[in-house]
Amino acid sequence: MMLFLMDVWDSVRGFMATGGDVLWLVAVVLFLMWVLMLERFWYLNWVAPKEHLAIISAWEAREETTSWYAHRIREAWVSQAKQDMNARMLMIKTLVALCPMIGLLGTVTGMITVFDVMAVQGTSNARMMAAGISQATMPTMAGMVAALSGVFFSTRLDAKMRISLERLKDSLPHH
């Protein structure tokens, strides 16, 4: 098992080396994005249902649910539930949008390396130029893959939140 983990770590380090320092930034943003998305999945699957049941119980315990005042209380509870569910979603979406931008930063820095090699050594050193081109393309690819995974799962989170909120609204009848 330890040998396997060392092989995986060597592969990761090799990949990161081909893309330059910008890949580490993509990795940090990707890690943070996934921590936040997993926290939201956990919240939506285990915490929100309990909170919604408490809201439903409080609504059903009310003696009066038809007045203007009761409807404002219902709206406030639903609004609070929506706000709790949407917590950190803006940060997640920002990190998703940031991933391709960081990848493009890697492209620019990699191309600067290529131009630097061309200026110092001329166009005859293809190996050095290839390293710069690799350094330019790897972060772009990594940023795009990170963004795609984030777009897919954040869209799923949004859909799950909307469904959960609609179920809560449907469970709080307003006469």
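Reading the values: rules and limits
- Residues numbered from 1 in each chain as written.
- Predicted model: local features only at pLDDT ≥ 70, side-chain atom pairs only at ≥ 80, totals over all residues.
- Heavy atoms only, no water.
- Helix = DSSP H or I, 4+ residues; strand = E, 2+ residues; numbered from the N terminus.
- Rg over C-alpha atoms; globule rule 2.2 N^0.38 Å.
- Buried < 20%, exposed > 50% of the residue type's maximum accessible area, 1.4 Å probe, protein only.
- Phe/Tyr/Trp six-rings, centres within 6.5 Å; stacked < 30°, edge-to-face > 60°.
- Polar contact = N/O pair within 3.5 Å; in protein donor to acceptor, adjacent residues only side chain to side chain.
- Salt bridge = Lys/Arg side-chain N within 4 Å of Asp/Glu carboxyl O.
- pLDDT = per-residue confidence, 0-100.
- Core = buried A, V, L, I, M, F, W, Y, C linked by side-chain atoms within 4.5 Å.
- Contact = heavy atoms within 4.5 Å.

Caption draft 1: Structural view of the overall build of the protein. Tallying secondary structure elements over the protein gives five helices and zero strands in all. The secondary structure elements of the protein, listed N-terminal to C-terminal, are α-α-α-α-α. In terms of overall dimensions, the protein is more spread out than a globule: its C-alpha atoms have a radius of gyration of 25 Å, far above the 16 Å expected for 175 residues. Across its three principal axes, the protein shows a C-alpha extent of roughly 85 × 40 × 15 Å. Counting all 175 residues of the protein, 34% fall into the buried class.

Caption draft 2: Spatial organisation of unusual backbone geometry. We note that R88 has phi near 70 degrees; this positive angle belongs to a residue other than glycine. Mapping R88 onto the fold places it in the loop between helix 3 (68–86) and helix 4 (89–121).

Caption draft 3: Looking closely at the packing of aromatic side chains. All told, the structure shown has four aromatic pairs when counted by the stated rule. Plain terms: the ring middles of W34 and F153 are 4.8 Å apart, the flat faces sit at 65 degrees to each other, and that makes the pair edge-to-face. Note that W34 is positioned in helix 2 (residues 22–61) and F153 in helix 5 (residues 126–171), a separation of 119 residues in sequence. F153 gets classed as partly exposed once you look at its relative accessible area, which sits at 29%. A ring pair is formed by F41 and F153, whose centres lie 6.5 Å apart and whose planes are at 80 degrees; its orientation type is edge-to-face.

Caption draft 4: Just the environment of T65, in detail. The topology assignment puts T65 in the loop between helix 2 and helix 3. Through-space distance from the C-alpha of T65 to that of F153 is 37 Å; in sequence the pair is 88 residues apart.

Caption draft 5: Quick look at the side chain of R74. Inspection of the secondary structure assignment puts R74 in helix 3. Looking at R74, its side chain comes within polar contact range of the main-chain oxygen of L172, at 2.6 Å.

Caption draft 6: Structural view of the pattern of salt bridges. What the rule picks out here adds up to five salt bridges. Sharing partners across several salt bridges, the network here consists of E39, R40 and R88.

Caption draft 7: Quick look at the confidence of the model for the protein. Here the protein averages 90 in pLDDT, and 99% of its residues register 70 or above. The lowest-confidence element of the protein is helix 1 (residues 2–19), averaging 84 in pLDDT; the highest-confidence one is helix 2, averaging 96.

Caption draft 8: Region of interest: the nonpolar core. The biggest cluster of nonpolar side chains holds 35 residues, and the ones touching the most others in it are I92, L157, L168 and L172. The set of elements that each furnish at least two residues to this core consists of helix 2, helix 3, helix 4 and helix 5. Take this core: its biggest share by element is 15 residues, from helix 2. Every residue in contact with L168, bar those within four places of it in the chain, is listed here: H52, I55, I56, V78 and A81.

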